[in-house]
Amino acid sequence: MTQDKSVLLNIKNLRIEGYSDENWIEIVHGIDLTLHRGEVMGLIGESGAGKSTIGLAAMGFTRDGCRISEGSSIEFDGMELTTTPAADLQSLRGARIAYVAQSAAASFNPAHKLIDQHTEAPLQYRIQKRLESQEDAMELYERLRLPNPREIGFRYPHQVSGGQLQRAMTAMAMACRPDLIIFDEPTTALDVTTQIEVLSAIRDIVDQFNTAALYITHDLAVVAQMADVIKVLLKGDEVEEADTRTMLEHPKDDYTKSLWAVRDFKKEQVPRPADTVPLISVKNVDASYGDTPVLYDVSFDIYSGMTVAVVGESGSGKSTTARCITGLLPPTKGEVLFQGTPLPPDYRDRTKDQLRQAQMIYQMADTALNPKVKISEIIGRPAQFYSGLHGPALKNRVDELLDLIELDPSQYYNRYPPELSGGQKQRIGIARSLAAEPTFIICDEVTSALDQLVAEGILRLLDKLQKELNLAYMFITHDLATVRSIADEVVVMQYGKVVEQGPKDVMFTPPHHEYTDLLLSSVPEMDPDWLTTLLEERGVDDMGEVEKNK
Amino acid sequence: MNYFIIGFYALVIGASSLAAYYQKRTAFLLLFSLTLVSFVMGIVGGEAMLWSVTILAGLIAFSAGVSYSFREFLVIILPADAAKEMRTAPLTAGFGLFVIFTYAISGIFAPIIAPYGEAEVISSAFAPADENMLLGADQLGRDMFSRIIYGARNTVGLALLATILAFVMGATAGLYAATKGGKLDQLLGRIVDVIMSIPSLIFSLLLLSIFGTNTATLIIVIAIIYAPRVFRLARSVGGNVVVMDYIEAAKLRGEGTWYLIRKEILPNSTAPLIAEFGLEFCFVFLLVAGLSFLGLGIQPPTADWGSMVRENATLISFGEITPLIPAGAIALLTVAVNFVVDWMLYRSSGLKE
């Protein structure tokens, strides 16, 4: 089959303005973009770079409070979208341009079956009859390697897993065989093992139907697998554009190079100190939520000054283990020792000093900081509460802590959390835990909600603090790249059990436990051939196996 | 056709054409609908109707002017931060603030402002307005205007105290139940259900006939009747805040329940509670008025808007508007309070979330 490679989407001098504080502020500053049929372009950048805004603009759509400026041109298959009436635009969307959102779980209507939502667009545009369309849906489900393709469509969204839902959404976008699909971070919310399934499914189907795609993501390794061309964006400006291999091998701009370099950070691995008592020791802990058991016989040790990374997919019991250590969820069996002495299982029975020793940093800095309390008080309260500081001494301590997390005290002292960026909020979270002068900090997915550059900054900061204050970290994460850079020891968990544990260098060299192996091999690498090679190694049938294991 | 009618139509049509020419969309829509309405009005009601349309439009323009000037006045006299907030406030908020301000002044300085005492008989019953009495006399020959002014002090003061008390009780208990959960939550919840299952007017009548009708009892009874609604709201709002990570962090720090409620939960629940305050205040106000109307509220001869409506109700059948004046005073304050509350809600939800 000869494939048509004519220009499909031609964006010229795209400027988009957002309304804020009674002014129109330009958020996208003149982007040019050309996309041919069958081509996949990766849009990459940090949050606030304008990736999603550009993606939506390609459909002739802007979010509320945004508008496309005069002089911009969006030409889709010879049609100028900026001057097309809204009704005509509406008939393009879903039929010729489709959109796949980040969270499929939030984008499907929970009250309707998958297949009914799938057939909505074809029926509306009278492209197919209902039965034809259902037949077509099943065929697409099969191509996307969903289990039981003939039946899965008759389930409700909550009855299938996240990865399956994301694939069903891709199938839905394909329903009218559009010329262009916009993928907005389709795998960001998924585990690594699930991510692979979705990535390979998307790649195959885009290839089969010669569909053009805009692939929006902040994950470089992912975009390397998917895109033919990559465009790097920064604060609404284009940094550079090149085909994937050139871009990966010879990035030109400094900003691009810094993005590429993120994964270089590696902390030196510290060995276990000999003949000392572990700082925290989790011994044969079982725990359950109500009658549902979630942890089975979990044991591991954390020595002072060391970082133990706890890895696993969502639902593997990582965070539950943390809740057992902090005493929020008293274990049903087993105990937690602090420097050899058992801690009371319930946090309410612990002394102030025991509470002070173990602090937590949360994944979502948004919900971890009280939005109505000033930064000075968020950080100052633990210092006041545990050390009894007040007046000038307290202010000095807060300034000192703000210096420690590399934020200027004079500038941040009186601010409120919603006025800060994601990375700054996370730093405040770190400062709050440090204010208690702890010996042990639990970091629960602290970097997974952040952009890579910001996340790297946080990791470096944590590392610096560890060296200065001799802290022990329990680092909960599903991101193995983070583990590689910061861990001394690794604990792998699955279904509430510890599958394997040991020092990092041992854990990252074969032979591995079967599950560790699966996790490790599923982490995307910066090599554009990685996914192809991996799938060949595993064989396509293997994908089904992975699915069943879950 | 007289000059008034010709002038009237010329003005509205001219104004709407001007608005259209200068592309003032909202102004045009407003003026042109006024034109259309006055066509119909003119045909149905003749010149008299057009006069009333003119007076109504004038009144609205006048209150808009007053609101605007009052807002500007506040911008000038308030300190910088508050002035910045005021500058962006809508006109309705300015109007609400002005009305509340006026009521507060007349309530506080009632003895100075009112020309006569609230129980002073100065003329014959139901005497019409003259140069001594701005609004005429009531059923005993007391000055209506003076009584309205004293009423602001009695009625509004009582309603305000009762609402504040209801909020202190309801919000504290609600947030406490949300934080503690478990059996205590169940217990408080069921007590509240019991109170709410009894119709409020009947319940207050019952309590007032048991404990007598002095002002202190009245305030407490009303507060008890209204606290359950506040409890429910505070509990559900607090329930959403309690699950946040920052509450978990504070609990793990070892903070006490009172600290959690005061410092962590309350600041995040204020917006809905303030909205509820505006609403409840009006309900309490109406209940006080209703109780006074039934004779169980504020006792005569103390001036109170509710009882003033009842006492002068007979005048309605003679086509007099006297009983409507205290009723209007109640309505105006209700509207004003809600304007201000709307604005506060908009501010707290829009700015720092």
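Everything numeric here is computed off the predicted structure, so don't read it as measured data.

1. Topic: the overall build of chain B
- In terms of helices and strands, chain B carries 13 helices and 0 strands.
- Scanning chain B from its N terminus toward the C terminus, one meets helices and strands in the order α-α-α-α-α-α-α-α-α-α-α-α-α.
- Structurally, chain B occupies a C-alpha span of about 80 × 60 × 40 Å along its principal axes.
- Here the analysis covers contacts within chain B between residues at least 6 apart in sequence; of these, 67% occur between residues at least 24 apart.

2. Remarks on the overall build of chain A
- Within chain A, the regular secondary structure consists of 24 helices and 21 strands.
- Against the 2.2 N^0.38 benchmark of 24 Å for 550 residues, chain A shows a C-alpha radius of gyration of 25 Å, consistent with a compact globule.
- For the C-alpha atoms alone, the extent of chain A along its principal axes is close to 70 × 55 × 45 Å.
- Expressed as a percentage of the 550 residues in chain A, the buried residues total 55%.
- In chain A, the proportion of contacts linking residues at least 24 apart, taken out of those at least 6 apart, comes to 70%.
- Here chain A has roughly 23700 Å² of accessible surface; of this, 49% comes from carbon and sulfur atoms.
- Computed over 55 positive and 82 negative side-chain charges, the separation of the two mean positions in chain A equals 4 Å.

3. Observations concerning the domain arrangement of chain B
- The domain architecture assigned to chain B consists of domain 1 (3-69) and domain 2 (115-350).
- The C-alpha-based centres of domain 1 of chain B and domain 2 of chain B are spaced at 38 Å.

4. Describing the environment of Ala-224 of chain A
All names here are of chain A.
- In this fold, Ala-224 is placed in helix 9 (residues 220-226).
- Taking the relative accessible area as the measure of exposure, Ala-224 reaches 2% and is therefore buried.
- Sequence separation between Ala-224 and Phe-508 is 284 residues, and the spatial gap between their C-alpha atoms is 23 Å.
- Residues within four places of Ala-224 in sequence aside, it is in contact with Thr-244, Leu-248, Met-526 and Pro-528.

5. Some thoughts on the sheet that holds strand 15 (residues 333-338) of chain A
All names here are of chain A.
- Strand order in this open sheet of 4 strands is 13-12-15-16, and the pairing throughout is antiparallel. Whereas interior strands pair on both sides, the edge strands pair on one side only; in this sheet they are strand 13 (292-302) and strand 16 (341-342).
- Pairing analysis gives 7 bridges linking strand 12 (residues 280-289) to strand 13, with the strands arranged antiparallel. Across the sheet, the residue bridging to Val-285 is Val-298, located in strand 13.

6. Overview of the nonpolar core
All names here are of chain A.
- Tyr-141, Phe-183, Tyr-215 and Val-232 are the most contacted members of the largest nonpolar core, which totals 54 residues.
- Looking at this core element by element, the count peaks at 7 residues for helix 8 (residues 192-208).
- With residues up to four places along the chain from it excluded, the contact list for Tyr-141 reads Leu-114, Ile-115, His-118, Leu-146, Pro-149, Ile-152, Gly-153, Ala-168 and Ala-171.
- With 47 residues, the next largest nonpolar core counts Val-446, Leu-480, Tyr-515 and Leu-520 among its residues.

7. A closer look at the pattern of salt bridges
- Tallied over the entire structure, the rule returns 29 salt bridges over all chains.
- A salt bridge links Lys-231 of chain A to Glu-241 of chain A; its shortest N-O distance comes to 2.8 Å. Residue Lys-231 of chain A is located in strand 10 (residues 229-234), and its partner Glu-241 of chain A is located in strand 11 (residues 237-243); the two are separated by 10 residues in the primary sequence.
- When its relative accessible area of 33% is taken as the criterion, Glu-241 of chain A is described as partly exposed.
- The salt bridge partner of Asp-193 of chain B is Arg-232 of chain B, with a shortest N-O separation of 2.6 Å. Linking Asp-193 of chain B in helix 7 (residues 182-197) with Arg-232 of chain B in helix 9 (residues 215-242), this pair joins segments that are 39 residues apart in sequence.
- The partly exposed category is assigned to Arg-232 of chain B, whose relative accessible area is 43%.
- One network of salt bridges, with partners in common, ties together Arg-37, Asp-77, Arg-96 and Asp-179 of chain A.

8. Some remarks on the environment of Asn-338 of chain B
- Secondary-structure assignment places Asn-338 of chain B in helix 13 (residues 324-350).
- Residue classification places Asn-338 of chain B among the partly exposed residues on the basis of a relative accessible area of 22%.

9. Looking at helix 10 (residues 245-253) of chain B
Residue and element names in this part refer to chain B.
- Of all 9 residues in helix 10, 8 are buried, a share of seventy percent or more.
- The complete set of buried residues in helix 10 reads Asp-245, Tyr-246, Ile-247, Glu-248, Ala-249, Ala-250, Leu-252 and Arg-253.
- Downstream of helix 10 by a residue or two, Gly-254 has a phi angle that is positive, lying close to 100°.

Rules of the game
Residues numbered from 1 in each chain as written. Chains lettered and ligands numbered in written order. Predicted model: local features only at pLDDT ≥ 70, side-chain atom pairs only at ≥ 80, totals over all residues. Heavy atoms only, no water. Helix = DSSP H or I, 4+ residues; strand = E, 2+ residues; numbered from the N terminus. Contact = heavy atoms within 4.5 Å. Rg over C-alpha atoms; globule rule 2.2 N^0.38 Å. Buried < 20%, exposed > 50% of the residue type's maximum accessible area, 1.4 Å probe, protein only. Areas by Shrake-Rupley, 256 points an atom, 1.4 Å probe, with all protein chains shown as cover. Lys, Arg positive; Asp, Glu negative; His and termini not counted. Charge placed at Lys NZ, Arg CZ, Asp CG, Glu CD. Domains from an automatic or database assignment. Pairing = 2+ DSSP bridges. Core = buried A, V, L, I, M, F, W, Y, C linked by side-chain atoms within 4.5 Å. Salt bridge = Lys/Arg side-chain N within 4 Å of Asp/Glu carboxyl O.

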